[in-house]
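Read off the chains here:
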Amino acid sequence: MSLADDSSISARVAAVETDYAARFTRTLVGFAVVEGILLALAVVVVYVLELVDPGAGMFIIVGVALLGGLVLSTFLMTHMRGRARAVAQARGENPLF
């Protein structure tokens with residue numbers, strides 16, 4: 001019996017794990033691309049175009065990085081909770097914990 005047509009608990013858990021791993025990878029790559037573009041734009045605005053004083057521009061760059069860190073940590077917590085909920089549901093446990 002192959003894993004694809006197996007309806008056992010371990011097969012359901014493996015399917016959930018695979019699905020969440022693919023989602024996680026896709027989202028992290030997207031986040032990294034967007035964060036990289038935002039940081040590059042901030043550096044260009046501050047140091048190349050000199051639209052902002054470099055002393056104050058450092059705060060803009062740090063702010064973009066801190067905002068990105070906050071968004072990433074929020075995403076990670078949401079992803080971990082959703083994954084744990086989906087695995088528990090695949091195992092047949094109470095999905096409302």
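This one's a predicted model, so the numbers in the text were calculated from it and none came from an experiment. (Residues numbered from 1 in each chain as written. Predicted model: local features only at pLDDT ≥ 70, side-chain atom pairs only at ≥ 80, totals over all residues. Heavy atoms only, no water.)

**Considering the nonpolar core**
- Ranked by size, the top nonpolar core spans six residues in total: Val13, Val16, Tyr20, Ala86, Val87 and Ala90.
- Counting only elements with at least two residues in this core, the list comes to helix H1 (9–48) and helix H2 (54–91).
- Beyond its immediate chain neighbours, meaning those up to four positions away, Val16 contacts Ala86, Val87 and Ala90. (Core = buried A, V, L, I, M, F, W, Y, C linked by side-chain atoms within 4.5 Å. Buried < 20%, exposed > 50% of the residue type's maximum accessible area, 1.4 Å probe, protein only. Helix = DSSP H or I, 4+ residues; strand = E, 2+ residues; numbered from the N terminus. Contact = heavy atoms within 4.5 Å.)

**Details of the packing of H1 against H2**
- Interhelical geometry of H1 versus H2 gives an angle of 175 degrees and a closest axis separation of 10 Å. Judged by the inter-axis angle, H1 sits roughly antiparallel to H2.
- Of the residues belonging to the contact of H1 with H2, the class tally is 25 nonpolar, five polar and five charged. (Axes fitted to C-alpha atoms, helices over the stretch in contact; angles between N-to-C directions. Parallel < 35°, antiparallel > 145°, perpendicular 65-115°, else oblique. Nonpolar A, V, L, I, M, F, W, Y, C, P; charged D, E, K, R; others polar.)

**Here's the deal with the packing of aromatic side chains**
- The full count for this structure, using the stated rule, is one aromatic pair.
- Ring geometry for Phe24 and Phe75: centres 6.0 Å apart, planes at 15 degrees, overall stacked. Pair noted here: Phe24 is in helix H1 and Phe75 is in helix H2, with a separation of 51 residues, a long-range link.
- Looking at Phe24, the relative accessible area reads 26%, which means it is partly exposed.
- Overall, the relative accessible area of 23% leaves Phe75 in the partly exposed class.
- When the ring centre of Tyr20 is taken as origin, the NZ or CZ atom of Arg23, which lies over that ring, is 4.7 Å away. (Phe/Tyr/Trp six-rings, centres within 6.5 Å; stacked < 30°, edge-to-face > 60°. Lys NZ or Arg CZ within 6 Å of the ring centre and 35° of its normal.)

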